[in-house]
Amino acid sequence: MITARAAATFEPVGRSVASARTFVRDTLQGWGLTDIVDDAVVLTSELVTNAVVHAGTAADVSCVRAEYGVRVEVADRYPERELPLENAGRNYGSPDREGGRGLLLCAALASRWGVEYSAAQKQVWFQLDFPDRPAGTRSAGPALPSEALPVTDTRVRVAVIQIDHTTAISAWNDDAQELFGYPAEQVVGKPLADLAAWPHTPGTGTGIAEALRLSRWEGSYGIRGADGRVLPVYASHLRVRDADGAPSTVCLLVRDHERAVLQSPVRGPSGDGGSVPERGTSSDAFEVFIGSPAPDDLDGLLQRTVERARDMLDGDSAYLLLATDDETELEVRASTGLPSARQRFARVPVEAGTGRYGSARMPAVHEDLTVVPGAVPLLANTGMRSVVTVPLKVEGRLTGSLGVAAEAPGRYSNEEALRLQFAADRIALAVESARLTELERLRRGSLSFLVEASDLLAGTLDRDQTLALMAQMTVPTLATWCAVYTIADPSSEPELSYVLHEDEDRIDGLKALLAKVDPPEPVTTPGARVWSAPADAANAAALRTTLRSLNLGDAARPSSGPGATLATAAAVGGETVVLPLVARNRVIGMLTLGKPTDEHFRQEILELAEDLSRRAALALDNARLYSERTAISQSLQRSLLPPELPEVAGVEVEVIYRAAGEGNEVGGDFYDLFPIRDGAYGFAIGDVCGTGPEAAAVTGLARHALRLLAREGFGGPAVLERLNAAILDEGARSRFLTLLYGELWPQPDGSALLKVVCAGHPLPLRLRPDGTVDAAAEPQPLLGVMDDLELYEQTVSLDPGDVLLCVTDGVTERREGSRMLGDDGLADVLTTCTGLTAGAVAARVLRAVERFAVEPPSDDMAILAMRVPEPRAPED
C-alpha cells in the first residue's frame, strides 16, 4: 500500500543532477527515512546523470513510500537508448567504466531494481527496503555473544575535561583524577598540551592545540599521568559555547582499549543481508564508485574520487590536493564544481605562511567559511559556505587532502567527516601508488623526451633547422609559445630566428611584438631567468589599443584590430623565461619560453627545458660533422639495395623497405630481385645481425654474391653454401645472416613455380584465394655460424590468385610492451588480404605493423609480396 508520493522533473542540464539529489534527500528526510537516504541519493545521482547528460533528455524523478520501503523511479524521453540486462549474456557495467555504472550500483545497493520501456520513455527504478530496527534508534549493532563484546575494566571511567578558549583546563572530574592521578587543583589553569603525548609528525606544529580548535574531533593520543607514564586514551572532543558566549571544548576520554564506549560506529550497509548480491560486490558506495582495484591512472583516479566524494556527501563541489615531496605544500590536482582552470596545480602551504592550509593533517568541519575567512584558501570567492576536509595518509605520512563543500552553511557534521575519512583511508594507498607511478612515468617521459629530442636535434643538417626544430619540440610540451634567438659570432647582436605559438593565428602578432623588444642579454650563466620585457610591451600595446578604441588616446587608427592586439597581450602576459644556448663556453643562442596571462612555469618544466637547451646547443655545434656522416651513410645504404626491380611477366611483385632510426646508421636488412636467365628470376630477402659499416660489408657481400653465383648456374643450396663460406672467411668481421633465397619461373598456364631455401629467416607465407594461409618452406640453419651446411630447396607452386609474402624480422618482432606481432599475428593480417594486388598486400601488412604499437618501429623492415594474378573474365 502506497503511503506517500513525491515527483519532480529536471531539465537536461548538468546542474539538474545536484537538484535531483537534493530533491530525493529532502523527500526521504521529510518522511523520516534517514537510514536509506544516502543509498537513494547515490543511485539517483547516477541514473539522473545517465538521463540528462548521456541521454540528453529531461528526467522525471518520483519517490513512492510503501509499507515495505521506498521505490524511486527515474524516467527519460529516450526509449531507443537500450540498457543492457542482467543475465543476458553480456557484461552490464563495471566500476571502472563511465557508462553502465548506474545499473551496477542498483545491483549492489538496491533490494530490487528494473527497467521498463514504453513508446515515449524509458524508466529505471530501484527499491530500498526499510532496515529492521526499532523505531527511534539512531544506530544499533547486532546481538553478539558475550565473548565477542569489547573488554573493559571492572569499572569504566570516563574522564570529562573542559578546556577554555586559551586551551587551558577549566574543569577536571573525579574519573579524570582516578585515571591520570592528578587532583583538579593541580591541573586546572594549565594547558592540556602539557599533559598530552600527541602523535604528531616530528618537526611540525600540528598537535593537540589544533585539535581542540576543531568543532568536533575523535581519535587516540596519550596523557602523561602523575607517575610519569603515558596512558593511551581514546578521546571525543566537542566545541561548545558557554552562557557568556565564550568558546570552550568538552573532552571525553577513556582508556584506549575501551574506545568502544566513545567511538562513533562505522556506517555499514543499509538493509538486511538479503539486499546485497551474492556476487561479492561491496555495498560501500565510495568503493563501488571508485572500482576495485582502483585505476592506476592518477588524473582519472583523482577526478573520479572528487566526483564520487561530492555525490556521497551531496556536495556542490569537491577537491583533492596532493602533498609535495617535502610535505610543506599541497598542490591542487583535481576538482569538481570549482574553476579548475584557475585552481589546477595551485599550491598552498601546510604549516606556515599566508593562506596556509591549517586543517590538512586531521579531519575538520567548517560550518560557515564566512565566519572563518581564509580557513580553506582554495574556496575563497567560490560561493562555498560549508566544507568538510580529511587527510590522505599512508603509514602516518601526509600525502594529500580531500574536501567536499556546499553553498549552504551548516551542511556537514562530524558524522560526514567520519564517513569521508573512511573513504579517504580506503583510497589513500591507491592514490599514493598512482602518484608514485605518475612520478616514475614523468621521469621516464622526461628522459624519453630528452632522448627523442637528442635524436631529432642530432639528425638536423644545418643550424637554422636545429633551432626551428627545438622551438617545435617545446610548444606545447613545455610552453605556450617559444622564440629562438641566434648569435652568429661574439661580436654580433642576438637575432630573432624563429617564433612559434600553439595557436597559429597568434604567431604573426607575437613575432611583430618581439621584433619591437630589445633581445635579452646573452649570458653564460646556466639556468632559466625571468624576462619581463615581452609581457610589459604586450600590456602597453593592449592599453594603447583600448584607449584608441575608447577615443581616449591617439585618434590614429591602429595598424591591427584591437582584438588581435588584446589576444597577443593575453598570449604573452604570463611568465617568460630565457635559457642560454652555450657550446664550448660561448653563447650561440637563446631559448625563450612563455606562458599566457596568469600562468607560471612549474619547476620540473624549467629543469627539463634547461636540459633541452644544453642538448640543442651541442647539436648546433656538431651539425656540420653529423651532416657529413649522415650523407655518407645514406649513400652507402642506397648502394646496398637494387636501383630498380625488373618486370616479371605473369607475376605481380611489390617491395617495401623501411629503415629504422634517423638515417645515421646503415641498416642490416636487404632485398633483391634479378633475372638469372630467360624466364627465370632470383629473389632474396635477408637480415644481417647488427647495423653500421660491418653489417653493411656483409650485406654488400651477400647481395652481390647471390647474383654472381645464381647467374653462374648454381642452385639455391649451392648458392647459400658458398655464401656461407665467404661470410666465414671474413673472420672477426663476419656477421650472422638470415636469408630467404629462391628462384621464380612463371609458367605458361598462368601459375608460377618457385624453389626456395629458408636459412634461419622468418618463413614465407602463402595466401590462397579462399583465405587460408600456410608456410611455404621449412626452417634451416642460418648463415655465418657453421662451416658445413646441408641445405635443401623446396618447391612451391603459386596458382592464379595465390600470394607469397616474405618479410624480415622487423615485421614479426614488432612489439608494444610485452605483446609481439609474431608469425601468428602476421598470418592473421595476411588472411584479410584475399583479392588484393601485391602492392595492396604489402601496404596492408606495413600499415598493420605501424598500427600495432604507438612508438615508431625500432628495427628495419623489408616486405616482399609476389602474386599470380587471376585470369580476367572475357568481355562481352
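In this text the structure is predicted, and so the values were computed from the model without any measurement. (Residues numbered from 1 in each chain as written. Predicted model: local features only at pLDDT ≥ 70, side-chain atom pairs only at ≥ 80, totals over all residues. Heavy atoms only, no water.)

1. Brief notes about the overall build of the protein chain
Reasoning step 1: The helix and strand inventory of the protein chain stands at 21 helices and 34 strands.
Reasoning step 2: Across the protein chain, every contact between residues at least 6 apart in sequence was considered, and the portion connecting residues at least 24 apart equals 62%.
Reasoning step 3: On the protein chain, roughly 42200 Å² of surface is accessible, and the fraction owed to carbon and sulfur atoms is 50%. (Helix = DSSP H or I, 4+ residues; strand = E, 2+ residues; numbered from the N terminus. Contact = heavy atoms within 4.5 Å. Areas by Shrake-Rupley, 256 points an atom, 1.4 Å probe, with all protein chains shown as cover.)

2. Considerations on the environment of Arg-25
Reasoning step 1: If you trace the backbone, Arg-25 turns up in helix α1 (residues 15-30).
Reasoning step 2: You can call Arg-25 buried: its relative accessible area is 14%.
Reasoning step 3: Beyond its immediate stretch of four places on either side in the chain, Arg-25 contacts Val-37, Asp-38, Val-41, Met-312 and Asp-314. (Buried < 20%, exposed > 50% of the residue type's maximum accessible area, 1.4 Å probe, protein only.)

3. Things to note about the confidence of the model for the protein chain
Reasoning step 1: Averaged over every residue, the pLDDT of the protein chain is 80; the share at 70 or more is 81%.
Reasoning step 2: Taken as a whole, residues 83-99 scores under 50 in pLDDT and shows 37 contacts with residues more than four places along the chain or in a different chain. (pLDDT = per-residue confidence, 0-100.)

4. Observations concerning the sheet that holds strand β34 (residues 861-867)
Reasoning step 1: Strand order in the open sheet formed by five strands is β23-β34-β31-β28-β29, with antiparallel pairing between adjacent strands. Across the chains shown, the open sheet's two edge strands, defined by having one partner strand only, are β23 (652-658) and β29 (773-775). This sheet shows a mean twist of 20° between the axes of neighbouring strands, independent of strand direction.
Reasoning step 2: Relative to strand β31 (residues 803-807), strand β28 (residues 765-767) runs antiparallel, the two being bridged by three bridges. Bridging from a neighbouring strand, Arg-766 pairs with Leu-804 of β31. (Pairing = 2+ DSSP bridges. Axes fitted to C-alpha atoms, helices over the stretch in contact; angles between N-to-C directions.)

5. Focus on the packing of helix α20 (residues 822-831) against helix α21 (residues 838-852)
Reasoning step 1: Relative to each other, α20 and α21 sit at 135°, their axes nearing to 10 Å. In terms of orientation, α20 lies oblique with respect to α21. As α20 packs across α21, the resulting crossing turns out to be right-handed. Contacts between α20 and α21 pair Leu-826, Val-829 and Leu-830 from the former with Val-841, Arg-844, Val-845 and Ala-848 from the latter. (Parallel < 35°, antiparallel > 145°, perpendicular 65-115°, else oblique. Left-handed = near helix turned anticlockwise from the far one by under 90°.)

6. Describing the packing of aromatic side chains
Reasoning step 1: As enumerated under the stated definition, the model contains five aromatic pairs in all.
Reasoning step 2: Both rings, one in Trp-172 and one in Phe-180, keep their centres 5.8 Å apart while their planes meet at 55°; by these two values the pair is tilted. Residue Trp-172 shares its accessibility class with Phe-180, and that shared class is buried.
Reasoning step 3: Taken together, the ring pairs connect Trp-172, Phe-180 and Tyr-182 into an aromatic cluster. (Phe/Tyr/Trp six-rings, centres within 6.5 Å; stacked < 30°, edge-to-face > 60°.)

7. With respect to the pattern of salt bridges
Reasoning step 1: Scanning the entire structure with this criterion turns up 31 salt bridges.
Reasoning step 2: One salt bridge connects Asp-672 with Arg-707, and the closest N-O pair in it is separated by 2.7 Å. Separated by 35 residues along the polypeptide, Asp-672 in strand β24 (residues 669-677) and Arg-707 in helix α17 (residues 693-711) bring together distant segments of the chain.
Reasoning step 3: Connected via shared salt-bridge partners are Arg-21, Arg-25, Asp-38, Glu-46, Arg-308, Arg-310, Asp-311, Asp-314, Arg-411 and Arg-419. (Salt bridge = Lys/Arg side-chain N within 4 Å of Asp/Glu carboxyl O.)

8. A look at α21
Helical periodicity: at 3.6 residues per turn, an α-helix aligns residues three or four positions apart in one direction.
Reasoning step 1: With 15 residues, α21 should cover 21 Å at 1.5 Å per step; its first-to-last C-alpha distance of 21 Å lies within 8% of that length.
Reasoning step 2: Turning to α21, its buried residues number three or more, namely Ala-838, Val-841, Ala-842, Val-845, Leu-846, Val-849 and Phe-852. Buried residues along α21 cover an arc of 130° about the axis, so they all sit on one side. (Expected span 1.5 Å × (residues − 1). Arc of directions from axis to C-beta.)

9. Some thoughts on helix α11 (residues 463-474)
Reasoning step 1: Spanning 12 residues, α11 covers 17 Å between terminal C-alpha atoms, matching the ideal 16 Å at 1.5 Å per step.
Reasoning step 2: Within the span of α11, buried status applies to Thr-466, Leu-467, Ala-468, Leu-469, Met-470, Ala-471, Met-473 and Thr-474.
Reasoning step 3: Of the surrounding elements, those touching the buried residues of α11 are α10 (414-458), β18 (481-486), β19 (495-501), β21 (576-583), β22 (586-594) and α15 (603-621).

10. Regarding unusual backbone geometry
Reasoning step 1: With omega at 0°, the peptide bond leading from Val-475 into Pro-476 counts as cis.
Reasoning step 2: Its location among the elements puts Pro-476 in the loop between α11 and β18.
Reasoning step 3: The backbone of Thr-167 shows a phi angle near 65°, a positive value even though the residue is not glycine.
Reasoning step 4: Relative to the assigned elements, Thr-167 resides in the loop between β6 (159-163) and β7 (169-172).
Reasoning step 5: In this structure, Asp-314 is a non-glycine residue whose phi angle is positive, near 55°.
Reasoning step 6: Summarising the element assignment, Asp-314 is placed in the loop between α8 (298-312) and β12 (317-323).
Reasoning step 7: Overall, the relative accessible area of 4% leaves Asp-314 in the buried class.

11. A look at the sheet that holds strand β8 (residues 196-197)
Note: strands within a sheet are paired through backbone hydrogen bonds, in either parallel or antiparallel orientation.
Reasoning step 1: One open sheet holds the six strands; their spatial order is β7-β6-β11-β10-β9-β8, and the pairing between them is antiparallel. Both edges of this open sheet fall to β7 and β8, since each of them pairs with a single strand only.

12. Looking at the environment of Val-151
Reasoning step 1: Tracing the backbone shows Val-151 in the loop between β5 (122-129) and β6.
Reasoning step 2: Excluding anything up to four places from it in sequence, Val-151 contacts His-257 and Glu-258.

13. Considerations on the nonpolar core
Side chains that are nonpolar tend, in soluble globular proteins, to be buried together.
Reasoning step 1: Counting 50 residues, the largest nonpolar core has Leu-720, Leu-754 and Leu-783 as its most contacted members.
Reasoning step 2: Examining the composition of this core, we find that seven residues originate from one element, α17, more than from any other.
Reasoning step 3: Non-local contacts of Leu-720, meaning those with residues more than four positions away in its chain, are made with Leu-706, Leu-739, Tyr-741, Val-757, Ala-759, Leu-783 and Leu-791.
Reasoning step 4: Formed by 34 residues, the second largest nonpolar core is a distinct cluster that contains Leu-28, Val-42, Cys-63 and Phe-126. (Core = buried A, V, L, I, M, F, W, Y, C linked by side-chain atoms within 4.5 Å.)

14. Things to note about the environment of Gly-835
Reasoning step 1: For Gly-835, the location among the structural elements is in the loop between α20 and α21.
Reasoning step 2: Considered as a pair, Gly-835 and Asp-770 are 65 residues apart in the sequence and their alpha carbons are 9.3 Å apart.

15. Description of a nonpolar patch on the surface
Reasoning step 1: There is a patch of nonpolar side chains on the surface, built from Phe-736, Val-785 and Met-786 and spanning about 270 Å² of accessible area.
Reasoning step 2: For Met-786, the location among the structural elements is in the loop between β29 and β30 (794-798). (Patch = residues over 30% accessible without salt bridge, like charges linked within 9 Å, V, L, I, M, F, W, Y side chains within 5 Å.)

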